[in-house]
Amino acid sequence: MADEDKCSHTELDLAGFHSDNSAKYRFEWPIPEVTKNEPCCLGIDEAGRGPVLGPMVYGTAFCPLSMSKRLKDIGFADSKTLKEEQREALLTAMCEQSDMISWATEIISPNYISTQMLKRTKCSLNVISHTAAIALIQYAIDQGVQVAQVFVDTVGPAEKYQALLSSKFPDIQITVSAKADAKFPIVSAASIGAKVVRDRVLKSWKYIENPTFPTDKCGSGYTSDPNTKAWLASCVQPIFGFTQFIRFNWSATDNLLDGKAAHVS
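A few points on the structure. (Residues numbered from 1 in each chain as written. Predicted model: local features only at pLDDT ≥ 70, side-chain atom pairs only at ≥ 80, totals over all residues. Heavy atoms only, no water.)

### Quick word on the environment of L165
Part 1 of the reasoning: Structurally, L165 is set in helix α6 (residues 158-168).
Part 2 of the reasoning: Given the relative accessible area of 0%, L165 is considered buried.
Part 3 of the reasoning: The contact partners of L165, leaving out residues within four places of it in the chain, are I134, I137, V152, I174 and V176. (Helix = DSSP H or I, 4+ residues; strand = E, 2+ residues; numbered from the N terminus. Buried < 20%, exposed > 50% of the residue type's maximum accessible area, 1.4 Å probe, protein only. Contact = heavy atoms within 4.5 Å.)

### Topic: helix α4 (residues 110-118)
Part 1 of the reasoning: Along α4, the residues classified as buried are P110, I113, S114, Q116 and M117.
Part 2 of the reasoning: Looking at the packing, one finds that the buried side of α4 touches β3 (56-64), β4 (102-108) and α5 (125-142).

### Structural notes on the packing of aromatic side chains
Part 1 of the reasoning: By the definition in use, this model includes seven aromatic pairs.
Part 2 of the reasoning: Judged by centre distance (5.8 Å) and plane angle (85°), the ring pair of F242 and F248 falls under edge-to-face.
Part 3 of the reasoning: In textbook terms, an aromatic cluster arises when at least three aromatic residues are bridged by ring pairs, as seen for F17, W205, Y207, W231 and F245. (Phe/Tyr/Trp six-rings, centres within 6.5 Å; stacked < 30°, edge-to-face > 60°.)

### Points about the sheet that holds strand β2 (residues 40-47)
Part 1 of the reasoning: The strand order β1-β4-β3-β2-β5-β6 describes an open sheet built from six strands, whose pairing is mixed. Each of the sheet's edge strands pairs with one partner strand only, and the pair in question is β1 (24-28) and β6 (173-177). Taking the axes of each pair of neighbouring strands and ignoring which way they run, one obtains an average angle of 15° across the sheet.
Part 2 of the reasoning: Contacts from α6 reach β5 (147-153) and β6, with the element oriented near 155° to β6. (Pairing = 2+ DSSP bridges. Axes fitted to C-alpha atoms, helices over the stretch in contact; angles between N-to-C directions.)

### A short note on the side chain of H130
Part 1 of the reasoning: Among the structural elements, H130 can be located in helix α5.
Part 2 of the reasoning: A distance of 3.2 Å separates a polar side-chain atom of H130 from the backbone oxygen of V155.
Part 3 of the reasoning: Leave out the neighbours within four places in its chain, and H130 touches V155, Y161 and L164. (Polar contact = N/O pair within 3.5 Å; in protein donor to acceptor, adjacent residues only side chain to side chain.)

### Notes on the environment of G193
Part 1 of the reasoning: Residue placement: G193 occurs in helix α8 (residues 185-203).
Part 2 of the reasoning: You can call G193 buried: its relative accessible area is 2%.
Part 3 of the reasoning: Placed 148 residues apart in sequence, G193 and D45 show a C-alpha to C-alpha distance of 9.0 Å.
Part 4 of the reasoning: Excluding its chain neighbours within four sequence positions, the residues that come into contact with G193 are L91, M94, W103 and T105.

### Quick word on the environment of T215
Part 1 of the reasoning: For T215, the position within the fold is in the loop between α8 and α9 (226-235).
Part 2 of the reasoning: Residues T215 and I31, spaced 184 residues apart in sequence, show a C-alpha to C-alpha distance of 35 Å.
Part 3 of the reasoning: Those residues in contact with T215 that sit more than four places away from it in its chain are Y207, W231 and F245.

In C-alpha cells form, the structure reads like this:
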C-alpha cells in the first residue's frame with residue numbers, strides 16, 4: 001500500500017506496483033478525519049478497460065455530503081474528455097483539498113486480467129470490474145469512512161450492477177448509471193484519479209522480459225489503431241507469446257498467436 005505517497009503535477013510514486021507489475025496494487029491517499037465523522041458520498045470509475053495494452057485502473061473518491069458542492073468548484077469532469085495536462089491539474093487540486101476528500105486506485109495488471117480470463121474457470125472482465133469496485137467501497141468502509149451514498153459508472157446492465165452492489169451494501173444508497181462520470185462530480189473525481197494513475201503506469205512501465213522494449217511505437221493501445229496493430233505483430237515471441245504489458249486474451253492477440261506462435265502437438 002502507498003498511503004504516504006506524494007501527489008503533484010510531476011510526481012506520483014508507484015514503486016510498489018512496479019516492484020511486481022504482474023498482479024494488483026492499491027494506491028491510497030490519506031483519509032481526512034471529517035470523512036469518518038460525517039455522511040459521505042463515494043464515486044467509482046475506471047480507466048483502461050478497452051485497450052489491449054497496460055492495466056485497467058479502478059478509482060474511488062469520497063468526501064462528506066456537506067462539502068460535495070466544492071467538487072463542482074474544482075471543475076471535475078469526465079477524464080476521457082480532458083487533455084493530460086488538465087487531468088494532472090485536477091488531480092493536484094484534489095490532493096490540495098485533503099481536508100475534505102480522499103481517493104484511491106486499484107491497479108489491475110494486464111497479466112492479472114489475462115490469467116483470470118484464461119484460467120480453467122474463466123472470470124469475465126465484467127466480473128473483474130465489479131470485484132474491483134466492491135473492493136474499493138469495502139476499503140473505504142474498513143477505514144472508517146461513513147459511506148452513505150455511492151455513485152458508480154456502469155459496467156454491463158446498470159440495473160443488474162446496482163442490484164449486485166445493493167446486495168453487498170444494503171445500508172448504503174447505491175446509484176449505478178451510464179456516463180456517471182459526466183453526471184456526478186464525485187465520480188468525475190474518481191475518474192481523474194484512475195486515468196492519471198494509468199497514464200503514469202504506462203509511461204513508467206518496467207519490462208521484466210526486455211528492458212529496451214520499444215513502447216514509444218505502441219500507439220494508443222486500442223486494436224483499432226494501426227500503430228498498435230503493427231506494434232503487437234512485432235512483439236510476438238514464438239515460444240512465450242507476448243510481454244506482460246499485453247493482454248493475452250484479446251481477439252487481436254489470439255489471432256496473432258495463432259498465426260505466429262509455435263504450435264504444440
